[in-house]
Amino acid sequence: MTSGPLRSDGVGSAAALPITVSNIRKNYGNYRALDDVSLDIHSGEFLTLLGPSGSGKTTLLMVLSGFVRPDSGSVRFADREVVLLPPHKRDIGMVFQNYALFPHMTVAGNLAYPLKLRRVDRAKIAERVEKALDLVQLGGLGARRVDELSGGQRQRVALARAVIFEPRILLMDEPLSALDKNLREQMQLEVRRLHDRLGMTTVYVTHDQREALTMSDRIAVLDKGRIQQIDPPQALYDNPKTHFVADFIGESFSLPVTICDGGATLFGHPLHLPHKITGSAPHFLVLRPEKLTLLPEHPTDAAAGINEIKGQVRQSVFHGDSVMIYVAVRDGHEIALRVPHRGKVTLPQPGDHVSLGYGVEDTIVVPATMPVEGGMR
Amino acid sequence: MKIRSRGVSLVVALALTALTTEAYAEQTLTIASWGGAYQDAQREAWFNVVAKELGITIKEDTTSGIADVRTQVASGKPTWDLVQQGNYSCAILDKEGLVEPLSDAIQNMEGFKPSMKGKGWISNLVYANVIAWNDKTYPDQKPQTWADFFDTKKFPGSRSMRRSPVYDLEAALLADGVPMDKLYPLDADRAFAKLKTLQDDVAVWWSSGAQSAQVMQDGEVDMSSVWNGRAETIAKAGAPVSITFNQQMLLTDCWVVPKGAPHKDLAMKAIEIMSRPEVQARIALYINYGPANSKAFDTGVIPEETAKKLPSYPDNLAKGFILDANYWADHLDELTQRFDLFIQQ
Amino acid sequence: MRDAESGFRLNEASLVKQAFAEQLKLLSLSFPALLLVGFIVLAPIAWLSWLSFVDADGFTLANYERLLNPSYGLTLSTTFQLAFLVTAICVLLGYPLAYIAAQLSAGAARIMLLCVLFPFWTSLLVRTYAWLVLLQKRGQINTWLQDWGFTDAPLRLVYNFTGTAIGMVHIMLPFMILPLYAAMKSIDENYMRAAANLGASPTQAFWQIHVPLSLPGLGAGVMVVFVLSLGFYVTPDLLGGGRVMMWSMQIERSLSVYSDWGAASALGVVLLVITLAMLWLFSRLTGVVGAAAGGK
């Protein structure tokens, strides 16, 4: 690997490596932690593994880092098979959930540690430690003890330590979960900027879908040890392939629909669909609050390209920048729409009957369970 | 037979003293001794006799040595009336004025050698420090003198001696040719020089009687300077261990009455009873120790077989010498310090 | 103006009074405990020190002058040598054992610690005699050594420095293992993972990360074992064969042979001072006294 100082020149992804994960299985007793997972991570990509706890995302990260030995499968960094390589020979950076900064070393000691192991000479080490500290805006704090740092500062040190030896792959295991909301949002941007600046392939684990949407090039959603969908954030949000993904990403309300001949009906009314539906398994219509609009009281007519749903306002909740209006529809189901808060606009009051419309392109109909034949590449 | 006649004589004695006991009725005498099997034997042999004869209750306690007596007397209100001590402790306490002078009746009793009593103490039983050996190691020629004990050419093997200058210095001087009656005052320099010649062969410097017995019994050492009672106990248990009374060092345990004891007169009376030949003799029936009163051997209470094994049996007594308690009372501290330095070097 | 000022100090006096009353209550709660500690711990030490400086004629240094006898110097040297040796062996044996226990599953670790603790439930005397039986000339170990042809004549394994050290290590080992185990258990496994991830081989990670992080436990163990060893009595007395003279044995001798409270007290005071000095030195060297006590 190159041993020059930390790159400061934009996206120098020449030093990044692609990762190919093929058919990884890992069982703990009868519990399937990873169930035949395959995944291509592009060179220099920021990929997030997203899922609820127990979905297998952390196990997959541990397989990449070498701390968990899979039962079978292959992990390749570029063309090199690494599944049998012990962790200390994988030469990848990692940020741990609780940072794992060595408490018996100073900040500078922590940063110097990987360089010492690589026998970088002392003058060089000092120089690179300074540079790394500057990179995470902690210049001058090298002599501090780890327990004298705030949570955000520790986070930055952990980050600096993970990249100081210029690994071509960086793994992060829910690194921001211990920070409070404001700091977390700030760090999300910083981590992403750091990635853009250094250009290494980054695999990021989180259970926070907002965080995933904010930071990632692509997101792999995991559930029950399998990858449900892998797509860029917007595609994932706009075109979820399964009910689980739709439900897990963003705010949404689901209504059961009936499938017939590639079409779908909601409460007996046919829906305008962007494309035909294959199969006849149970499906859901997924509605996102911000994509619904209030239709005028006396609609001209159900224009083509608009689906309509009627209901009665139950409650409206003020959120500052917007108002959420909860609407009861048929059969005890409830949906909501989000209206930007612009003041002086008369909003429907609880008890009012309303009609809500949504475009054909926003009409998301997904199978209730993942189709068996669903290819996950 | 003998036991029955003794029983009769006791009854007679009790009847005769019936009147005098009136005075002490309902009184309690507190005696402190070494505890364990030793005190059990004393109770059977002596305390029960005293209790019956004086018509009193005897309360027992245990002592671990001279410090207890000092503490009791220093408190100004001792709770013990009668205390058992090792012989030089008695002499030391007497010298320090911490004990009551004994009554004339006790002082005038016959059968006690002058070295077995002092102004404030009197010996009650006799034991000895003797040479013991393992018969398996020495099947033919047996060591007979302390010179043999120190002669590792003639008797190769490991030794055990007490972790104390008492006995060891006497043994060394005897081995170096000093006659038994010319030992005291000890020539310490000469003794330590002789001891030095044996030091490397002393595998264990024992600190308790139990330890001295254990190292002989387990064959850890081949020859040892031990108390006769301990050697006999392990021999009885089947260990191939024998002893000789040649050049035995006779030791006594003794009674003292702590200064200011609550029942001083009663204690004197008890000592008097326990010092009588026929009562003294009883101790040999319960434990391997001999009576201090030599007339006890004339009472016929002790069977001949048993008597011969006692250090104070007249024939045995003649082969040894009595350890000088008064000498040790004066020199124990100084010589122990020197000894402690010696064994560490 | 005046109103504002009085409003600014509203209820101040009562609040201060309440705070004071609360502190007083706390103090009164801890008073019995303080009294007990004072009575049980401090008073005897004070009495001991007092005894060492007085005799029938008043103030005296005689009890300390007595310690100039070279016999006490030799004893002190033996005591320290033994304490150092026992502590060192306990570290060498205890560290790997604690390490293994800390790596084991909860169930297996419990069984192992039970074995470690087992000696605690047996009397010190019994354990010491057990070593005597094993180590003596005709003991089991010498029998095996000879049966298997390692030696012709029995080795002298007991009634000397070696035997004493063996017996003491056995008794002290739990005191080393328990704090080490506790310290190792509290080391987050992510530290070791982080080290490996940063490129440290298992050996490097062990020495550069695990060992430094277990130092508080090691320090506590070393301190406890060393201090206990300094004052050890029964085992050296029985297994030392009289040759291995420990400071505590000199104290016992002062009492049982000379029955000299002043001399014994002086010996006790010297041991106490040495022990405190060792603790001080140790805390200066490693800073583990505070760490062991749970501080930073």
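Each chain carries its own residue numbering, running from 1 in the direction its sequence is written. Going through the entries in the order they are written, you letter the chains from A and number the ligands from 1. Given that the model is predicted, a residue must reach a pLDDT of at least 70 before its local features are reported, and side-chain atom pairs must reach 80 or more before they are shown or counted; all residues, however, enter totals for whole chains, interfaces and linings.

Colleague: Could you give an account of the overall build of chain A, with specific residues and numbers?
Modeller: Helix numbers and strand numbers start at the N terminus; a helix is a DSSP run of H or I with at least 4 residues, a strand a run of E with at least 2. Helix and strand content of chain A: eight helices and 20 strands. Neighbour density around each residue's C-beta defines its exposure: 20 or more other C-beta atoms within 10 Å make it buried, 12 or fewer make it exposed, and counts between make it partly exposed, where C-beta atoms are placed from the backbone. Burial statistics for chain A: of 377 residues in total, 39% are counted as buried. Working definition of a contact: two residues with C-beta atoms, positioned from the backbone, lying within 7 Å. For chain A, restricting intrachain contacts to residue pairs at least 6 apart in sequence, the fraction spanning at least 24 positions comes to 66%.

Colleague: Go over the overall build of chain B, please, and point to the residues and values.
Modeller: When you go through chain B residue by residue, the secondary structure sums to 16 helices and 10 strands. Just to be clear, the radius of gyration here is over C-alpha atoms, and the globule rule we use is 2.2 Å times residues to the power 0.38. In terms of C-alpha radius of gyration, chain B reaches 21 Å, essentially the compact-globule figure of 20 Å for 345 residues. Across its three principal axes, chain B shows a C-alpha extent of roughly 65 × 50 × 35 Å. Counting only residues that meet the buried cut, chain B has 50% of its 345 residues in that class. Of all intrachain contacts in chain B linking residues separated by at least 6 positions in sequence, the fraction that spans at least 24 positions is 72%.

Colleague: Explain the sheet that holds strand β3 (residues 46–50) of chain A residue by residue, including any values.
Modeller: Residues and elements named next belong to chain A. Two strands form a pair only when DSSP identifies at least two bridges running between them. Strand order in this open sheet of six strands is β6-β7-β8-β3-β9-β10, and the pairing throughout is mixed. Each edge of the sheet is formed by a strand with only one pairing partner; in this case those strands are β6 (93–95) and β10 (226–231). In this sheet, neighbouring strand axes are inclined to one another by 15° on average, regardless of whether the strands run parallel or antiparallel. The pairing of β3 with strand β8 (residues 201–206) spans five bridges and is parallel. Bridge pairing in β8 links L49 to V205. Between the N-to-C directions of two axes lies an angle of 0 to 180 degrees, each axis being a line fitted to C-alpha atoms and, for a helix, fitted only over the stretch in contact.

Colleague: Got a sec to walk through the pairing of strand β1 (residues 19–28) of chain A? Specific residues and values, please.
Modeller: Residues and elements named next belong to chain A. The sheet contact formed by β1 and strand β2 (residues 31–41) spans seven bridges and is antiparallel. Along β2, the bridge assignment pairs I24 with V37. Two elements, β1 and strand β4 (residues 72–77), share five bridges in a ladder whose sense is antiparallel. Looking across to β4, one finds that T20 is bridged to R76.

Colleague: I'd like to hear about the sheet that holds strand β20 (residues 364–367) of chain A, residue by residue, with values.
Modeller: All names here are of chain A. One open sheet holds the five strands; their spatial order is β13-β12-β11-β14-β20, and the pairing between them is antiparallel. Lying at the two open borders of the sheet, with one neighbouring strand each, are β13 (269–270) and β20. By the bridge criterion, five bridges tie strand β11 (residues 253–260) to strand β14 (residues 283–287) in an arrangement that is antiparallel. Bridge pairing in β14 links P256 to F284.

Colleague: I'd like a rundown of unusual backbone geometry, residues and numbers included.
Modeller: Between B:Y184 and the following residue, B:P185, the backbone shows a cis peptide bond with an omega angle of -5°. For B:Q247, which is not glycine, the phi torsion reads 55° and is therefore positive. Mapping B:Q247 onto the fold places it in strand β8 (residues 241–256). The exposure class of B:Q247 is buried, given the 23 C-beta atoms found within 10 Å. Not every positive phi belongs to a glycine, and C:Y159 is a case in point at roughly 65°. Residue C:Y159 is classed as buried on the basis of its C-beta count, with 29 C-beta atoms lying within 10 Å.

Colleague: I'd like a description of the pairing of strand β9 (residues 218–223) of chain A, backed by residues and values.
Modeller: Residues and elements named next belong to chain A. Most of β9 is tucked away, with five of its six residues classed as buried. Pairing geometry for β9 and β10, over five bridges, is antiparallel. Within β10, the residue paired with A220 across the bridge is I230. Between the end of β9 and the start of β10, which pair antiparallel, lie two residues, with K224 showing a positive phi angle near 50°.

Colleague: Could you give an account of the confidence of the model for chain B, with specific residues and numbers?
Modeller: Residue and element names in this part refer to chain B. Within a predicted model, pLDDT stands for the predictor's per-residue confidence, ranging from 0 to 100. Mean pLDDT over chain B works out to 88, with 93% of the residues at or above the 70 mark. Segment residues 1–8: pLDDT under 50, and four contacts once partners within four positions in sequence are set aside and those in other chains are kept. Segment residues 10–22 is flagged for pLDDT under 50; beyond a separation of four residues in sequence, or across chains, it makes seven contacts in the model. Scored as a complex, the prediction yields pTM 0.78 and ipTM 0.81.

Colleague: Mind laying out the interface of chain A and chain C, listing which residues take part and the relevant values?
Modeller: On the chain C side, the residues contacting the 15 residues of chain A number 15 residues. Broken down by element, the residue count for the side of chain A that touches chain C peaks at three residues, all from helix α2 (residues 107–117) of chain A.

Colleague: Let's hear about the confidence of the model for chain A: which residues, and what values?
Modeller: Residues and elements named next belong to chain A. Here chain A averages 86 in pLDDT, and 92% of its residues register 70 or above. Element-level mean pLDDT values for chain A span from 77 in β13 up to 96 in β3. Confidence drops under pLDDT 50 across residues 1–5; counting only partners more than four residues distant or on other chains, this segment forms nine contacts. Residue range residues 372–377 is modelled with pLDDT below 50. Its contacts to residues more than four positions away, or to other chains, number three contacts.

Colleague: Could you give me a rundown of the nonpolar core, with the residues and numbers involved?
Modeller: B:L82, B:A132, B:V256, B:A267 and B:I271 are the most contacted members of the largest nonpolar core, which totals 111 residues. Look past the residues within four positions of B:I271 in its chain and what remains in contact with it is B:L82, B:L102, B:I106, B:I122 and B:W255. With 105 residues, the next largest nonpolar core counts A:V203, A:Y204, A:L222 and A:I364 among its residues. When buried Ala, Val, Leu, Ile, Met, Phe, Trp, Tyr and Cys residues are joined through C-beta atoms within 7 Å, the set is termed a nonpolar core.

Colleague: Give me helix α8 (residues 161–185) of chain C: which residues, what numbers.
Modeller: All names here are of chain C. One less than the residue count of a helix, multiplied by 1.5 Å, gives the span that helix is expected to have. For α8, which comprises 25 residues, the first-to-last C-alpha distance of 35 Å matches the rise-based estimate of 36 Å (1.5 Å per residue) to within 8%. At M172, α8 shows its maximal kink, close to 40°; a proline, P174, follows between one and four residues later. Counting buried positions along α8 yields 19 of 25 residues, so the element is predominantly enclosed. Note that the bend at a residue is defined as the angle between axes fitted to the seven residues ending at it and the seven residues starting at it.

Colleague: Before we move on, could you go through the environment of B:V257 and cite the residues and values that matter?
Modeller: Along the polypeptide, B:V257 turns up in the loop between β8 and α12 (264–275). Apart from residues no more than four positions distant in its own chain, B:V257 is found in contact with B:D81, B:L82, B:V99, B:E100, B:K264, B:A267 and B:M268.

Colleague: Give a detailed account of the domain arrangement of chain B, specifying residues and quantitative values.
Modeller: All names here are of chain B. Segment limits for the domains were obtained from an automatic or database-derived domain assignment. With domains assigned, chain B is organised as domain 1 (2–126 + 252–317) and domain 2 (127–251 + 322–344). For domain 1 and domain 2, the distance between their C-alpha centres works out to 28 Å. Every contact between the two is made by 16 residues of domain 1 and, on the other side, 17 residues of domain 2. Listed by contribution, the elements that provide at least two residues to the side of domain 1 that touches domain 2 are α5 (87–95) and β4 (122–134). At six residues, the largest contribution of residues to the side of domain 1 that touches domain 2 is made by α5. Residues that form the side of domain 1 that touches domain 2 fall into these classes: eight nonpolar, five polar and three charged. In this classification, the charged set is Asp, Glu, Lys and Arg, the nonpolar set is Ala, Val, Leu, Ile, Met, Phe, Trp, Tyr, Cys and Pro, and all remaining amino acids, among them Gly, are polar.

Colleague: Describe the interface of chain B and chain C, naming the residues involved and giving the relevant values.
Modeller: Across the boundary between the two partners, chain B contributes 21 residues, which contact 20 residues of chain C. Considering each element in turn, the side of chain B that touches chain C owes the most residues, eight residues, to helix α16 (residues 325–344) of chain B. Partitioned by chemical class, the residues of the side of chain B that touches chain C number nine nonpolar, six polar and six charged.

Colleague: Break down the environment of B:M116 for me, citing the residues and quoting the values.
Modeller: All names here are of chain B. Within the element layout of this structure, M116 appears in the loop between α6 (104–107) and β4. Counting along the chain gives 13 residues from M116 to N129, while the straight-line C-alpha distance between them is 16 Å. For M116, the residues in contact, after removing those within four places along its chain, are S123, T252 and A292.

Colleague: So what's going on with the packing of α8(C) against helix α10 (residues 202–230) of chain C? Which residues, and what values?
Modeller: Residues and elements named next belong to chain C. Viewed as axis vectors pointing N to C, α8 and α10 meet at an angle of 155°, and their least axial separation amounts to 7 Å. Between α8 and α10, the crossing angle belongs to the class labelled roughly antiparallel. Considering only the axes of α8 and α10, their crossing is right-handed. Seen from α8, the contacting residues are M168, M172, F175, M176, P179, L180, A182, A183 and M184; seen from α10, they are S214, P216, G217, L218, A220, G221, V224, V225, L228 and S229. Class assignment for the residues of the contact of α8 with α10 results in 15 nonpolar, four polar and no charged. Between 65 and 115 degrees an angle is taken as roughly perpendicular, under 35 as roughly parallel, over 145 as roughly antiparallel, and anywhere else as oblique. Here a crossing is taken to be left-handed if its near helix is turned anticlockwise relative to the far helix by less than a right angle, and right-handed if that turn runs clockwise.

Colleague: So what's going on with the packing of helix α4 (residues 151–163) of chain A against helix α5 (residues 181–198) of chain A? Which residues, and what values?
Modeller: Residue and element names in this part refer to chain A. Direction vectors running N to C along α4 and α5 enclose 15°, while the axes themselves pass 12 Å from each other. Between α4 and α5, the angle is such that the two are roughly parallel. Like other packed secondary-structure pairs, α4 and α5 cross with a definite hand, here right-handed. Facing G152, Q155, L159 and V163 of α4, the residues of α5 in contact are L183, M187, V191, L194 and L198.

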